[in-house]
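Coordinate inspection notes
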Amino acid sequence: MKKYQEVRAYEISEDFKFMFTQVVITHSKDIAMYWTRDNVGYTNEEMAKLKVREFPLDEKVFVRDFGETSAREMIEEAVKKDYFSGFPIVVFWKEAENDYYENWHSHFEIEDSTD
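Below or above, wherever it landed, is the structure these notes cover. (Residues numbered from 1 in each chain as written. Predicted model: local features only at pLDDT ≥ 70, side-chain atom pairs only at ≥ 80, totals over all residues. Heavy atoms only, no water.)

**Brief notes about the overall build of the protein**
Formally: The numbering of helices and of strands both runs from the N terminus, where a helix is a DSSP run of H or I of at least 4 residues and a strand a run of E of at least 2. For every residue, the accessible area (1.4 Å probe, protein chains only) is compared with the maximum for its type, and the residue is labelled buried under 20%, exposed over 50%, or partly exposed between those bounds. For accessible areas, the Shrake-Rupley method is used with a probe of radius 1.4 Å. Any residue's cover is judged against the shown protein chains and nothing else.
Helix and strand counts for the protein stand at three helices and six strands. For the protein, the sequential pattern of α-helices and β-strands runs β-β-α-α-β-β-β-α-β. The buried share of the protein, taken over its 115 residues, is 39%. When the accessible surface of the protein is split by element, carbon and sulfur atoms take 47% of a total near 7200 Å².

**Quick look at unusual backbone geometry**
Geometrically, the link from phenylalanine 87 to proline 88 is a cis peptide bond, its omega value of 0° lying close to zero. By the secondary structure assignment, proline 88 is in the loop between helix H3 (71–80) and strand E6 (89–95). The backbone of methionine 19 shows a phi angle near 60°, a positive value even though the residue is not glycine. Mapped onto the secondary structure, methionine 19 falls in the loop between strand E1 (8–13) and strand E2 (20–26). On the basis of relative accessible area, methionine 19 is assigned to the partly exposed category, the value being 36%. Notably, aspartate 65 is not glycine yet its phi reads approximately 60°, a positive angle.

Listed below in structure tokens is the structure:
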């Protein structure tokens, strides 16, 4: 994990359009914000309404269908599973009404090999 030490996690939340929170891993708050704007489709006016805080890389959260984990562990998992193509990356997210996070594990379906 040494080569990822310089990255930080940013929790970006909103309660006015999509009603969700995502944790973005990147090298700066500005990159996290502009990447989110470009990928989610917020206007500049909506960007001013976003709540952003630095999210500790080692803070444990519960991810549905995966269990308790941290942003740092999710980066390692993404690299191991070959889901990682570089930063920025969203390691987990949650909808406003949920008290748990989700990520690719939350929607993983085991392939049936009996076909």
